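Reading the structure
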Amino acid sequence: MEIFLILSREHETLPLAELKAILEAENMDYSLKEIDLGIVKLKTDFPDATIRIGKRMAYGHEICNLIAETSLEKLDEKISSISWNDIISESFALRVKKIDSSDNDSQIMEKSLGAIIKSQLGEEIKVKLEKPDTFIRVLVIGSKVLIGKRETKINKKHFFELKPHKRPFFYPGSMSPKLARCMVNLARVKKGDLLLDPFCGTGGILIEAGIVGTRIIGSDIDEKMVKGAFQNLEHCKAMDFNIFQADARKIDLKEKVNAVVTDPPYGISASTGGETSSTLFKEFLQSISKNLLENGRICLANPHYVDVNDLIEGTKFKISEQHGIRMHKSLTRVISVLEKSK
Ligand SMILES: C[S@@+](CC[C@H](N)C(=O)[O-])C[C@H]1O[C@@H](n2cnc3c(N)ncnc32)[C@H](O)[C@@H]1O
């Protein structure tokens, strides 16, 4: 099966990194080609690949089964040559999306291409712009065109409705659900895995982990956060979770975890006795190392001025990927994935 994905362009590296992490986590064999920033063609024989990817991805828009590829010049001819009766059964809509183009003739193209398709089909098959049974995507990237049937539209509603200030317990400094989901994905967890966030705050990362299907452990040094995270997880109907009060530097779990996904505090933290974040990170890594399975991963967010290379010196961890997110002029947040080596 060949599919193409329209990823978000809100970051240069995270969307593709997230996609690759999901494919690995779900054990899908694949070959992938990035055609343009945020446009990816993917071959896989994995059943339900589009559904599985679509359910997990944060930085994506839609996933289509590839019907044909052509050039802009030969687009009409190609559309005419496709056997639409085999693809469309009740109603359809055709939408054109142009990448890197200032032309605003998409609506004209939609009308003329839609008419070519309609001429092949029986009277009973209607054009239906809202909620059609079949959604045909025509993706124009320079002079190249991909024609596909949309299988999955990534649900943005969740990321909007679960923004930190919309949850029962809010505290400033909470991470956006989109980034939290992406970090869970970067840790390459799968359904049933055990995931820990030892600086869980309001529980944003834990909520997303629960949606991906992991079992959840959260802890925080602050009792107020523990109660708040509990409330938020209940509100989100999380199933398999355990939250308790603990210092991340002294965690001792009964069962080792597959992944740690976390957003430690930075600056001088009053809650950690005024220690600098570097010292806190180092001690946390030592403690976490004992609680993480041999092939486990850590995905963490830290400010740019904390060098993760320094933090992992002398530990079993190595950095497998890093992505910088510019927050404002003087702060970049760095997302790092660490692997524990034997
Ligand atoms: C940046 S916030 C985490 C925010 C969280 N990702 C969210 O979405 O709400 C960091 C958290 O670390 C907690 N914390 C600070 N020092 C700690 C320590 N030594 N052990 C555990 N938690 C600690 C703070 O109470 C705070 O809730």
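1. Digging into the nonpolar core
Within the largest apolar cluster, 88 residues are counted, with the highest numbers of intra-cluster contacts made by Met183, Leu206 and Val261. Tallying contributions element by element places helix H1 (residues 14–25) first for this core, with seven residues. Both domain 1 (2–153) and domain 2 (157–340) contribute no fewer than three residues apiece to this core.

2. Notes on the pairing of strand S2 (residues 31–36)
Pairing analysis gives five bridges linking S2 to strand S3 (residues 39–43), with the strands arranged antiparallel. When the bridges of S3 are listed, Leu32 appears paired with Leu42.

3. Quick look at the sheet that holds strand S10 (residues 215–220)
Spatially, S11-S10-S9-S12-S13-S15-S14 is the arrangement adopted by the seven strands of the open sheet, whose pairing is mixed. At either margin of the open sheet sits one strand with a lone partner, and together these are strand S11 (241–245) and strand S14 (317–328). Taking each pair of neighbouring strands and ignoring which way they run, the sheet shows an average axis angle of 15 degrees. With 10 bridges joining them, S14 and strand S15 (residues 331–340) adopt antiparallel strand pairing. By the bridge assignment, Glu321 is partnered in S15 with Val337.

4. A closer look at the packing of H1 against helix H6 (residues 177–186)
It is the contact of H1 with H6, at a shortest axis distance of 8 Å, that shows an interaxial angle of 45 degrees. In terms of their interaxial angle, H1 and H6 are classed as oblique. Handedness of the crossing formed by H1 with H6: left-handed. Taking contact as the criterion, the partners of Leu14, Ala17, Glu18, Ala21, Ile22 and Ala25 in H1 are, on H6, Cys182, Asn185 and Leu186. The residue inventory of the contact of H1 with H6, partitioned by class, reads seven nonpolar, one polar and one charged.

5. Concerning H6
In terms of burial, H6 is largely enclosed, as 10 of its 10 residues are buried. Buried within H6 are the following residues: Pro177, Lys178, Leu179, Ala180, Arg181, Cys182, Met183, Val184, Asn185 and Leu186. Phi turns positive, to about 60 degrees, at Arg188, one or two residues after H6.

6. A look at the pairing of S10
A large share of S10 lies buried, amounting to six of its six residues. Residues of S10 alternate between two faces, with Arg215, Ile217 and Ser219 on one and Ile216, Gly218 and Asp220 on the opposite face, all of them buried. Alignment of strand S9 (residues 194–197) against S10, held across four bridges, turns out to be parallel. Looking at the pairing, Leu196 lines up with Ile217 of S10. This β-α-β element, S9 to helix H7 (residues 204–212) to S10, shows right-handed connectivity. In terms of strand pairing, S10 meets S11 through five bridges, oriented parallel. Following the sheet pairing, Ser219 is matched in S11 by Phe244. A crossover connection joins S10 to the parallel S11 through helix H8 (residues 223–235); in handedness this β-α-β unit is right-handed.

7. Description of the domain arrangement of the protein
Domain annotation for the protein reports domain 1 (2–153) and domain 2 (157–340). Placing a centre on the C-alpha atoms of domain 1 and another on those of domain 2 gives a separation of 35 Å. Across the boundary between the two partners, domain 1 contributes 13 residues, which contact 13 residues of domain 2. Top contributing element to the side of domain 1 that touches domain 2 by residue count: H1, with seven residues. Looking at the side of domain 1 that touches domain 2 residue by residue, the classes come out as seven nonpolar, two polar and four charged.

8. Concerning the site of the ligand
In the vicinity of the ligand there are 22 residues, among which Phe199, Gly201, Thr202, Gly204 and Ala248 approach most closely. Taken together, the residues of the shell around the ligand sort by class into nine nonpolar, eight polar and five charged.

9. Re the environment of Lys98
Positionally, Lys98 belongs in strand S5 (residues 91–99). For Lys98 and Val145, which are 47 residues apart along the polypeptide, the C-alpha to C-alpha distance reads 9.2 Å. Dropping the residues within four chain positions of it, Lys98 is found in contact with Asp103, Ser106 and Val140.

10. Topic: the packing of H6 against H7
Viewed as axis vectors pointing N to C, H6 and H7 meet at an angle of 60 degrees, and their least axial separation amounts to 8 Å. Taken together, H6 and H7 sit at an angle that is classed as oblique. The hand of the H6/H7 crossing is right-handed. For the pair formed by H6 and H7, the contact residues are Pro177, Ala180, Arg181, Met183 and Val184 on the first element and Gly204, Ile205, Glu208, Ala209 and Val212 on the second. Within the contact of H6 with H7, the residues separate by chemical class into seven nonpolar, one polar and two charged.

Definitions and cut-offs
Residues numbered from 1 in each chain as written. Predicted model: local features only at pLDDT ≥ 70, side-chain atom pairs only at ≥ 80, totals over all residues. Core = buried A, V, L, I, M, F, W, Y, C linked by C-beta atoms within 7 Å. Buried ≥ 20, exposed ≤ 12 C-beta atoms within 10 Å, placed from the backbone. Helix = DSSP H or I, 4+ residues; strand = E, 2+ residues; numbered from the N terminus. Domains from an automatic or database assignment. Pairing = 2+ DSSP bridges. Axes fitted to C-alpha atoms, helices over the stretch in contact; angles between N-to-C directions. Parallel < 35°, antiparallel > 145°, perpendicular 65-115°, else oblique. Left-handed = near helix turned anticlockwise from the far one by under 90°. Contact = placed C-beta atoms within 7 Å. Nonpolar A, V, L, I, M, F, W, Y, C, P; charged D, E, K, R; others polar. Right-handed = clockwise from strand over helix to strand, strands pointing away. Near = placed C-beta within 6 Å.

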